[in-house]
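Here's the letter readout for the chains.
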Amino acid sequence: MKKLFFVSLLGMLAAPTAFGATSSTPWWLQPTICRISTTNCYVPMGAGYDAELWDASANCRGMKLICPRALTAGGDEPVPMGKTDLSKGTGIKTDFDVTALADGCFGARKTSANGTLASVNGKYINVYCRGVLDNPDEIVATGEITLGAQPTCGGLAENGYAAVVNGRCYGKYYNPNEYYIECGSDLLPTRLIVLNGADYMAGASANTPSTTDAAKAKFDSMYKVSQAQHEKYFKPVD
């Protein structure tokens, strides 16, 4: 009986398998062997991806590298993340778009209005043109932003700037030798006064205002005269 049982085992090993594979088929190619998927998670995978990492949650190869500034945990280096975590927004700041590439990783700050506004703490603030801000906190694709207190009309006017749209950012320069930027309580100037070539550095005369208040009063007077002349000589056509 023992001999007969041993011969039967040999016959089973030599016979074709129950799944139809012959004894000549290598075991690693037989259908019962589990294999890692060769599917790529993203096509193509260039800048901003690690094509070698395995994403077990999506059963494919390749992960996005997320910029540390876009992560709630922060950090100094980009962090690889799988598709499932990305779709849930796990650990990602809501002010950032992880579908947008920025500086070799994914996670650009969200913008709107053609890039003139940027999202900070869920609210949109002005994006200023390069050179307008004295100490910008962050560079975005269309300009610069400050994350703390926002600029004022007076602060911008000191450097000759007004907070008006200039392309895809805020901040238009007016040469102080040619323009006077008058500010009120709002960010935008109340008036922009053309100096008509007057040299404000020239020696003072009897009619030259010596203080800021006196200069403003003079401008107000000039403005009223100009309005009166306009109403007198530029009548609407019926």
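As a reminder, the structure under discussion sits directly above these lines.
Residues numbered from 1 in each chain as written. Predicted model: local features only at pLDDT ≥ 70, side-chain atom pairs only at ≥ 80, totals over all residues. Heavy atoms only, no water.

Draft legend 1. Spatial organisation of the overall build of the protein chain. For the protein chain, the count of helices and strands is four helices and 14 strands. Burial statistics for the protein chain: of 238 residues in total, 28% are counted as buried. Here the contacts in the protein chain between residues at least 6 apart in sequence split such that 34% fall between residues at least 24 apart. As displayed, the protein chain offers around 16200 Å² of accessible surface, 56% of which is attributable to carbon and sulfur atoms. (Helix = DSSP H or I, 4+ residues; strand = E, 2+ residues; numbered from the N terminus. Buried < 20%, exposed > 50% of the residue type's maximum accessible area, 1.4 Å probe, protein only. Contact = heavy atoms within 4.5 Å. Areas by Shrake-Rupley, 256 points an atom, 1.4 Å probe, with all protein chains shown as cover.)

Draft legend 2. Region of interest: the layout of surface pockets. For the second largest pocket, the calculated volume is near 230 Å³. As for the second largest pocket, its lining consists of 15 residues, and the residues nearest its centre are Ala102, Ala108, Arg109, Val140 and Ala141. At the level of secondary structure, the elements contributing two or more residues to the lining of the second largest pocket comprise strand S4 (96-102), strand S5 (105-109) and strand S9 (138-140). Taken together, the residues that form the lining of the second largest pocket break down as six nonpolar, four polar and five charged. (1 Å grid on protein atoms, 1.4 Å probe; cavity = no way out; pocket = protein on both sides within 12 Å on 5 of 7 lines; lining within 4 Å. Points joined across faces, edges and corners; volume = space filled by probe spheres on them. Nonpolar A, V, L, I, M, F, W, Y, C, P; charged D, E, K, R; others polar.)

Draft legend 3. Spatial organisation of the state of the cysteines. Summed over all chains, the structure comprises four disulfides. The disulfide partner of Cys129 is Cys169, and the S-S distance across this bridge is 2.0 Å. On the sign convention where negative means left-handed, the S-S torsion of about 95° between Cys129 and Cys169 marks this disulfide as right-handed. You can see Cys129 sitting in the loop between strand S8 (123-126) and S9 and its partner Cys169 sitting in the loop between strand S11 (161-165) and strand S12 (170-173), a full 40 residues away along the chain. (Disulfide = S-S within 2.5 Å.)

Draft legend 4. Broad picture of the pattern of salt bridges. On inspection of all chains with the given rule, the structure shows four salt bridges. A salt bridge links Asp103 to Arg69, with the shortest nitrogen-to-oxygen separation between them at 3.2 Å. One end of the pair, Asp103, is in the loop between S4 and S5; the other, Arg69, is in the loop between strand S2 (60-66) and strand S3 (79-81), with 34 residues separating them in the sequence. A residue is classified by how much of its surface remains accessible, and Arg69, at 32% relative accessible area, is partly exposed. Arg191 is paired through a salt bridge with Glu182; the nearest N and O atoms lie 3.1 Å apart. For Arg191, a relative accessible area of 17% corresponds to the buried category. You can call Glu182 buried: its relative accessible area is 7%. Counted as one network, the salt bridges with shared partners bring together Glu182, Arg191 and Asp220. (Salt bridge = Lys/Arg side-chain N within 4 Å of Asp/Glu carboxyl O.)

Draft legend 5. Molecular detail of the sheet that holds strand S7 (residues 117-120). Pairing in this open sheet of three strands is antiparallel, and the strands run S6-S7-S8 from one edge to the other. This sheet does not close on itself; its edge strands, each paired only once, are strand S6 (111-112) and S8. Summarising the sheet, S6 and S7 pair through two bridges and their orientation is antiparallel. By the bridge assignment, Thr111 is partnered in S7 with Ala118. (Pairing = 2+ DSSP bridges.)

Draft legend 6. Spatial organisation of the nonpolar core. By size, the foremost hydrophobic cluster in this structure holds 12 residues: Cys41, Tyr42, Cys60, Ile66, Ala70, Leu71, Met81, Leu86, Ile92, Phe96, Val98 and Phe106. Put simply, the parts of the chain that give this core at least two residues each are S2 and S4. Ranked by size, the runner-up nonpolar core spans nine residues in total, among them Cys129, Val132, Leu133 and Cys169. (Core = buried A, V, L, I, M, F, W, Y, C linked by side-chain atoms within 4.5 Å.)

Draft legend 7. Highlighting the packing of aromatic side chains. Scanning all chains against the criterion turns up five aromatic pairs. Aromatic side chains Tyr42 and Tyr49 sit 5.0 Å apart centroid to centroid with 50° between the ring planes, which places their arrangement in the tilted category. Between Tyr174 and Tyr179 the ring centres are 5.2 Å apart and the planes differ by 75°, which places this aromatic pair in the edge-to-face class. Judged by relative accessible area, Tyr174 falls into the buried class, the value being 14%. Among the aromatic residues, those joined into a ring-pair cluster are Tyr42, Tyr49 and Phe106. Over the ring of Phe106 we find Lys64; its NZ or CZ atom is 4.5 Å from the centre of that ring. Note that Lys83 overlies the ring of Tyr42, its terminal NZ or CZ placed 4.9 Å from the centroid. (Phe/Tyr/Trp six-rings, centres within 6.5 Å; stacked < 30°, edge-to-face > 60°. Lys NZ or Arg CZ within 6 Å of the ring centre and 35° of its normal.)

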